[in-house]
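# Notes for the structure review
Listed below, chain by chain, are the residues.
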Amino acid sequence: MENFEPVIVAFCCHYCAYTAADMAGSKRLCYPPNVKIIKVPCSGKVDAIHIMKALEMGADGVYVAGCLDGDCHFKNGNIGAAKRVAYIKKLLDEIGIGGERVEMVLMSAGMGERFAQTATEITEKIRKLGPNPVKSVNEAKTAA
Amino acid sequence: MQAQDTLKQNNTVLVIGGGVGGIRAAMDLAESNRDVVLIDKSYSIGGLMTQLDRTFPTNNCDLCTLSPDLSEAGRQLHIELLAMTQVAEAEGEAGDFKLKLITAPRYIDLEKCTACGDCFNKFPECVRFTPGLDHRAPTCMRYPQAIPHAFSIDMEKCNDVDALVQVCKAGAIIPEDTQKVREVEAGAIVLAPGAEVFAPDKLDSLGYAANPDVVTSLEYERILSASGPTQGELVRPSDGKQPKKIAWIQCVGSRSIHEGAASYCSSVCCMFALKETIVTKERFQDSIETTIFYMDMRTFGKDYELYLNRAKNDYGIRLVRSRPHSVFHDSETGRLSIIYSPDDGGSNLTEDFDMVVLSTGFKISEDVQELAGKLGIELNEHHFAKTGGFSPVSTSKPGIYACGMFESPKDIPETMVQASAAAFCASKDISILSEPIESIDEFPPERDVSQEPLRIGVFVCDCGLNIGDVINAKDLADYAGTLADVKRSEMVGYGCSRETMKHIQDVIREKELNRVVIGGCSPRTHETKFQDTLRRAGLNKYLVEIANIRDQDTWVHFDRPEDASDKARELIRMAVTSVALSHPLTDNVFPMKKDVLVVGGGVTGMNAALNMADMGVKVYLVERSGELGGVAKNIHKTLEGDDVQAYMKDLIERTTQNDRIEILTNAFIVDHTGMPGMFKTGFQIAPQMFYRQIEHGVTILATGALPNQPKEYLLGEHNNVMTQLDMDAMLEDQPDKIKDLSNVIMIQCVGSRCPENPNCSRICCQSAIKNALRILELNPTVRIFVLYRDMRTYGFQEDYYKKAREKGVIFVRYEADTPPEVQAADEQLQVTFNDPILNRKVSVYADYLCLSTGLIADEESTEDLGRIFRIPKTSDNYFLEDHIKLRPIDLPVAGFFVAGTAHAPKTLRECIAQAQAAAGRAHCLLAKDTLNLGAAIARVDKERCTACLICVRACPFNIPFINADGYSEIDPAQCHGCGICAAECPAKAIQLMQYEDDQILAKLAGLLERVN
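So, here's what we can say about the structure. Computed from a predicted model, the values in this text were never measured in an experiment. Think of each chain on its own: its residues are numbered from 1, step by step along the sequence as written. Whichever chain is written first becomes A and whichever ligand is written first becomes 1, with later ones labelled in order. Reporting in this predicted model follows two pLDDT cut-offs: at least 70 for local features of residues, and 80 or more for side-chain atom pairs to be given and counted; totals over whole chains, interfaces and linings ignore these cut-offs and use all residues. Excluded from the side-chain calculations are hydrogens and water; all other atoms, namely the structure's heavy atoms, are used.

Attention shifts here to the packing of aromatic side chains. All names here are of chain B. Note on ring pairs: Phe, Tyr and Trp rings are taken, using the six-membered ring of Trp, and paired if centres are within 6.5 Å. Classes follow the plane angle, with under 30 degrees stacked, over 60 edge-to-face and the rest tilted. As enumerated under the stated definition, the model contains 16 aromatic pairs over all chains in all. Here Tyr264 and Phe796 contribute two aromatic rings whose centre-to-centre distance is 5.6 Å and whose plane-to-plane angle is 90 degrees, an arrangement assigned as edge-to-face. Here Tyr264 is found in the loop between strand S12 (245–252) and helix H6 (269–284), whereas its partner Phe796 is found in the loop between strand S36 (783–788) and helix H21 (797–806), with 532 residues between them in sequence. When the ring of Phe293 is compared with that of Phe353, the centres are 6.0 Å apart and the planes differ by 80 degrees; the resulting orientation is edge-to-face. Within this pair, whereas Phe293 is found in strand S13 (residues 289–294), its partner Phe353 is found in strand S17 (residues 349–353), the two being separated by 60 residues in sequence. The way it works is that DSSP assigns letters per residue, a run of H or I at least four long becomes a helix, a run of E at least two long becomes a strand, and they are numbered from the N terminus.

Shown next as C-alpha cells:
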C-alpha cells in the first residue's frame, strides 16, 4: 500500500463547483488527478444512494461541492446537501467505514484556486486514511 | 437618433469586416431577425483573433473560444457572407443606402472545393493563406456556406495553370474566374473593419528588418500557435533552436514621435505582452527567461491588475521600466543586444537576448480610410472613426455605426460590447424583417432509436495542443473503441470546427450510431454545439455525453501526462456507461413575456431603459435612491470637454417623459423567481415599504459602483484634501478659488491597486489629467504635481497626457512600497515623496491635495442582488459575466445582462456603449416569441408516488403539489430542474431528466470497475 492512489468522486454542481473546476483548468492550476468529477445540476441533487454506492463500488473518498452559503442557484440546495452529507458521515462512523471519507465543500464559480486547493487537501487526507475498507471485503468476495 | 417611420425602406444591414466584432454584430442582428450581409476583404472571416494563440486573462486557446461563433455565424440563416469583398461605391442615406460591392476572384469553386489541400501541396506559391509567418490555414478558420473549407489561388504567381487545374480532383479550380460586382441595398451599416498592426520595418534601431529573431508580437503568437508554421514549437526563426532568453519591447509604433508611428496608446499591448510571457513560462516552465521593457504597465481592464500581479509574483516575469533605444545583432554570439537607459537615470546598459518581440501597436489601414471616404464619414486626427462623446458607436453620418478597433484601439471584450451596441443601433434604424425563419426546417426528422441495439460512437478531440500535447488522443480513441457497445471510435482535430462537426454527422449516419460521446472541452461551453450536431445527423440531442478531458484533465494535469492519460480513459469510460442509458427527451417550450426590468437609474440604466423603450417594449426602471442620475450627476465635464450636466439633464427628461418607461424610485428588490421570458420580481417601495411584484422577460443590471472614499492622506480630515470628483465640482462651482493657487498635488491609485482593492480603477488617470488641464486653463501659473505609479491614459487619452506634460504638469512616479507622505501644515499640506531621478526625498507644500480615488464596487447592492438573482461576483464584488472575452454583457444566469460600472470601472462613454449593448443583447432574446426551458425537468412516476409530501416541502420553488388523482405533480413550465425533489423522494418516484439515478450510478460504475 505504499503507493496508494485513492479514487475520489466529486459531485459538483453545475453553477458553482463545476464552473470553478473549469476555471481551475483555464488558469492551469494543478491538482491531483485522483479526483473525478460528476456534474449535477445542484449539490442538492446528490442522493444519499449516490454517495453510498460510490463507496460500495470502491471509491476511497467522496465529496459534494456546491455553491457558497446563500449563493445556491436553487436557493438552498447546498444546505440540503450539507445536511445529507452530515447524516451520511454519522452513518459511516457507525458502520466502521469512517465519516471522514465523505465531505461537503462550498465554493463560488470564480474560485478556481479554491477548487484546486480543496481537491488537493481532500486527496491528501484520503491518502492518509488509506484504502476504503469495503474494497478488501469486495476483493475477498471476488476471491471466494 | 432617427425617427423609426422614416427609415423602413430596407431591412438589411451591411456589416463590413468579419473579425470578432463584425461577427458579433452580424450574429446579434441575425438573432433579432434582421437580414445581414457580412463582407470581409480577406479569404475567410475571423480577423486578427484567428491568428492569436491564446487570449488573456484566461490564457484560453483563441480558436477554441472563437470557433463556435465562427461556425454559428456561418450557419445563421439571416447572414449572407461574402469573403474577398470590398465596397466600391456607396450612396444614399440612413434607411436607404445603395452600395456596390466587388468580390475578387478566388479561382476556386466554393461548391466543389473540399479543402483537401492538394493544390497547396503541389503549388504552395500560388495558394493564398493568412500573411506573416503562417503557412497553414488554421483549420477552424475554414468556413461554411459562403466560404466553406475553401482555398484561394493567386493566379499571378502561377506559371502552369493547366497543371494547377489538373491537380484538383474535385475540379474546383476555375482559372477563368473573374471579379463579381453586386449592388446591395441596406438600411444601416455597421463598420467593423478593425485595425492593422504597425509595421516596424522603418524603425531601423530595433533591427526588425535586418534580424529574423526580432519578431512582432503577432508573429510570436503564430510561433506559439498549434496551427502556426511551427505547429506550436517555440523556435528561433534564424536557426530553429529554442530560445532561452526572450525580451519584449512595448510601445513599438505607439506613444511615439517616430515617423509613421502613432502618438496614441494602442491599449492592448501591455496585456498582450504579459500573456505571451505567461504562456511561454507555462509551456516551458523555468527554462526560458522572459523580460518586458515598458514605459507604463497599462493593465486597466477588469481583473487585469490581478493578471499583472500573477505575472510578476507567480511566473517571475521580469519587468524593466525603460524604453530601449536600439537592438543590435552580435554576429559572434548570434544573440541580440538590447541597449537601454535604466529608469533611475544611470548610464546605458546592454543586455543579450536570443529573441526580441516587438509589441507593435495598431493603426487604421489606408484601405479603411478610403472606405470611410466612400461612405462619407468623418475620421479623427488619428484616422479612427469619429464618434460622439455620448454616442460612442454613432459615426458622423446617421445610419452608419462603428465598433471595435476602428473606433479606438481596444481589446476583445470591449470590441464585443461595441459590436453589440452598433448592431443594436443599426437594428433600431430598420424595421423588423417579415417572419422569423423556422430554424427547425434545417434539421432532419429524429430517428426512432428505441428499438435499436446500442451503437455508441466516441470522438476524441485533440483541441490543437490543448489535449493533444498532454495525452495521446489517438491512443485514447483506440482505447474507447474496446469498450462495450462502442461501434466506432476515432480521434478528431479541433472537434468544434465546422468541418469536424460535419464529419461527426457523416459518421453517425454512416455507422448508424445511436449514442455519442465527445471527449473534449467542457459541456458548459460546447454541449449545445454537439447537441446540434446530433440533431443534424437525425438523432435526439440528448443522446450525447461530453467527457471533459480538457478543462478537467489535460489543463490541470499537464505536469503528469501519464496520470492525465489514465484519468482521460476513466472519464471516457464514465461517459460511455452513462450515455448508454440516455434516452430521447423533448424540450419544454413556452411563450415569452417581453417586458424588461432595468435595475439602477444612473446613466447606464437610463440609457438601457430608453433604448429598450425605443424597441416598443414596456420597461420598469428601478432605482434604490429617491432620484435618477447616479454618480454621473456629480460630473461636469469629460476629458474630451463634453458637457456632462447638460447631457444628464436631457437624459433624465427623456427617461421620465417616456410613456413606455415606468420609474420606480426608492424601490428595493426583495424576491425573484422564474426563467428568462417569465421572471417575477418583488419590490418593497419606501417609505411605506409596500410590496409590488412585476413580471418581465429579461433583466438588465446597471447598479453602478461607488466613488471610493478611503481614509488615506487626511481625506475627510483636512479641508484642502479632496477627491478628483470634489475638484471637478470646485472647478465648475468655485472657479475663483483656483485663481489664487500656486501648488496643487495629485496622488494616483489612492485606494486602488492596493491589497484592499487590488484592481485598477481605470478612470482616475484620465480624471487627474482632465482636472489638471482645467486648472491650468483657469490659472496657467499653478504648479501641478501628479504622483503616479503607472499613467494609464489608454487610447486617445494619451493625447491629453502629452498635452498636460507640454503645459508643464510635473509627473513623478512612486512605487507601491514607498508611497508619498502627507502632513497638514495649517491651511496647506506638506507632501513628501521620493524623486526617482534625483533618488532623494522631495517636500512640496500644496494648496490642494487631490486624491485619485477611483471607484469601488457597490458591495451592498451586488451582494444583495447577487443573492436574490443568483449571480456570481468577482472577488472584488463586481458582477461576473458569462464569458470575460466573448460574452461581456451576458451574465451566467440566462436572461440577465450587466452594463456600466456594476461590471467594472469605466468611463461615461464606455458605460453608454455597454448600455446600448445590453439593450441589444436583451433585444436578441426578446426577439423570439417562445422560450425553451430545455429538458432537465423532474418527472413523477405516479405508480411509485405515495403522496408523502416530502417533495412538496423540499422544492425551493414550491412547484410540486398533490393533484386530484392523489399523486405529486410537477409543472414543467415552472420546474427549475435542480433535482432536489428527486434526491429527497424516499420512494424514488421522481427522476430528473438528463440526470437520472441510473445514469449517475452508471458513471460511478464506469469509473470504479477497475477498482473492484
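Below, the discussion takes up the packing of helix H2 (residues 48–56) of chain A against helix H26 (residues 997–1008) of chain B. The relative placement of two packed helices is expressed as an angle between their axes plus a distance between the axes. The axes are straight lines fitted to the C-alpha atoms, using for helices just the contacting stretch, and the angles between their N-to-C directions are given from 0 to 180°. Taken N-terminus to C-terminus, the directions of H2 of chain A and H26 of chain B make an angle of 20 degrees; their axes are 10 Å apart at the nearest point. Classed by the angle they form, the pair H2 of chain A and H26 of chain B counts as roughly parallel. Crossing of H2 of chain A over H26 of chain B shows right-handed handedness. Taking contact as the criterion, the partners of His50, Lys53 and Ala54 of chain A in H2 of chain A are, on H26 of chain B, Asp997, Ile1000, Leu1001, Leu1004 and Leu1008 of chain B. Here the angle decides the label: under 35 degrees means roughly parallel, over 145 means roughly antiparallel, 65 to 115 means roughly perpendicular, and every other value means oblique. Crossing handedness: left-handed means the near helix sits turned counterclockwise from the far one by under a right angle, and right-handed means the same turn made clockwise. Two residues qualify as a contact provided that any one of their heavy atoms is within 4.5 Å of a heavy atom in the partner residue.

This next bit is on the interface of chain B and chain A. Facing the 52 residues of chain B at the interface are 50 residues of chain A. Computed with a 1.4 Å rolling probe, the buried area is the accessible surface lost when two parts are put together, summed over both parts. Each partner contributes to the roughly 4,600 Å² buried at the junction of chain B and chain A, and carbon and sulfur atoms together form 62% of this total. Contact with chain A buries area across many residues of chain B, yet Arg524, Gln552 and Arg870 of chain B alone supply 14% of it, more than any other trio. The working definition used for a salt bridge is a side-chain nitrogen of Lys or Arg within 4 Å of a carboxyl oxygen of Asp or Glu. The tally of links between chain B and chain A comes to five salt bridges. Residues Arg524 of chain B and Asp22 of chain A are paired through a salt bridge, measuring 2.8 Å at the closest nitrogen-oxygen approach. Under the rule applied, a polar contact is a pair of N or O atoms within 3.5 Å (in protein, one hydrogen donor and one hydrogen acceptor; residues adjacent in sequence only if both atoms are side-chain atoms). Counting every contact that joins chain B to chain A gives 15 residue pairs in polar contact (both at pLDDT 80 or more). Only helix H13 (523–536), helix H14 (550–554), helix H15 (561–579), helix H25 (980–984) and H26 of chain B provide two or more residues apiece to the side of chain B that touches chain A. In terms of residue count, the dominant contributor to the side of chain B that touches chain A is H26 of chain B (eight residues). By residue class, the composition of the side of chain B that touches chain A is 23 nonpolar, 13 polar and 16 charged. Lys, Arg, Asp and Glu make up the charged group, whereas Ala, Val, Leu, Ile, Met, Phe, Trp, Tyr, Cys and Pro make up the nonpolar group; the residues left over, Gly among them, are polar.

Residue and element names in this part refer to chain B. What makes two strands pair is DSSP finding at least two bridges between them. The strand order across the open sheet formed by three strands is S6-S7-S8, and the pairing between neighbours is antiparallel. The open sheet has two free edges, formed respectively by strand S6 (85–93) and strand S8 (180–186), since each of these has just one partner strand. Strand-to-strand twist in this sheet, taken as the mean axis angle between neighbours without regard to direction, amounts to 20 degrees. By the bridge criterion, eight bridges tie S6 to strand S7 (residues 96–103) in an arrangement that is antiparallel. The partner of Thr85 across the bridge, within S7, is Thr103.

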